[in-house]
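Listed here are the chains, written in short residue letters.
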Amino acid sequence: MNTRRFALLFVLLLLSTAALAQSTAQKSFEQLKTLAGSWDGTLEGQALHVSLRVTSSGNALMHEMRGAGPDDPITMVHLDGDRLILTHYCDAGNQPRMAATISPDGRTIVFDFVEATNLLSSQHGHMQRVTFNFIDADHHTEKWEFAMAGGKQMGGLLDLKRTK
């Protein structure tokens, strides 16, 4: 009887430990969710506002830029198993999807292009890479890189400070 209780306790302990362990992607997603709020900054000298909101019962992070171009692009970040995924709903009319790589210190998350929907060969290009760099709780940067047709790169660095 005691042996069965011990075995059951051991199995429950293993299961609870596994449930509490988080993957690197999960930890990074939790870190990104701490950015929820309002942010002001600049992009190539132009003022811009970014809002981040945790939505879908904590399963997605919505990122919205205002003042960054002809429209206000929306970006969604979520987990896909053990991968952290970003989908950018671009002014260019396509929706690039990117997967994250996390720096060893956890302060930098780089999303690299995987695929895109609605990406036509006649389009000028698509978002290729997004890098989030955590400076402190009220300051972070985002580098957005756009791949133009013919291999030319453009984009910019957003230097953002929390307003709320």
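Cut-offs used in this document
- Counting of residues starts from 1 at the beginning of each chain's written sequence and follows it residue by residue.
- Local features in a predicted model are, by the rule used here, given only for residues with pLDDT of at least 70; side-chain atom pairs are given and counted only at 80 or more, and totals for whole chains, interfaces and linings are based on all residues.
- Side-chain metrics rest on all non-hydrogen atoms present in the structure, leaving aside hydrogens and water.
- Only centres within 6.5 Å qualify two rings of Phe, Tyr or Trp (six-membered ring in Trp) as a pair; their planes then separate them into stacked at under 30 degrees, edge-to-face at over 60, and tilted for everything else.
- Numbering of helices and strands runs from the N terminus, with a helix taken as a DSSP run of H or I at least four residues long and a strand as a DSSP run of E at least two residues long.
- Note on classification: 1.4 Å probe, protein chains only; a residue is buried when its accessible area is under 20% of the maximum for its type, exposed when over 50%, partly exposed between these limits.
- Each direction from the helix axis to a C-beta atom contributes to the arc, which is the arc of those directions.
- Among buried residues, those of type Ala, Val, Leu, Ile, Met, Phe, Trp, Tyr and Cys that are joined through side-chain atoms within 4.5 Å constitute a nonpolar core.
- In what follows, a contact means two residues having at least one pair of non-hydrogen atoms within 4.5 Å.

A. Examining the packing of aromatic side chains more closely. Tallied over the entire structure, the rule returns one aromatic pair. Considering the side-chain rings of F111 and F132, the 6.1 Å spacing of their centres and the 80 degrees angle between planes classify their relative orientation as edge-to-face. One end of the pair, F111, is in strand β7 (residues 108-117); the other, F132, is in strand β8 (residues 125-136), with 21 residues separating them in the sequence.

B. A look at helix α2 (residues 24-33). Regarding α2, the residues found buried are A25, S28, F29, L32 and K33. Looking straight down α2, one finds its buried side chains confined to an arc of 145 degrees; they lie on one side.

C. Examining the nonpolar core more closely. Counting 26 residues, the largest nonpolar core has L32, V50, V77, L84, F111, V130 and L158 as its most contacted members. Sorting elements by how many residues they give to this core places β8 first, with four residues. Non-local contacts of L84, meaning those with residues more than four positions away in its chain, are made with A25, S28, F29, L32, V77, H78, L79, M98, A99, A100, I109 and F111.

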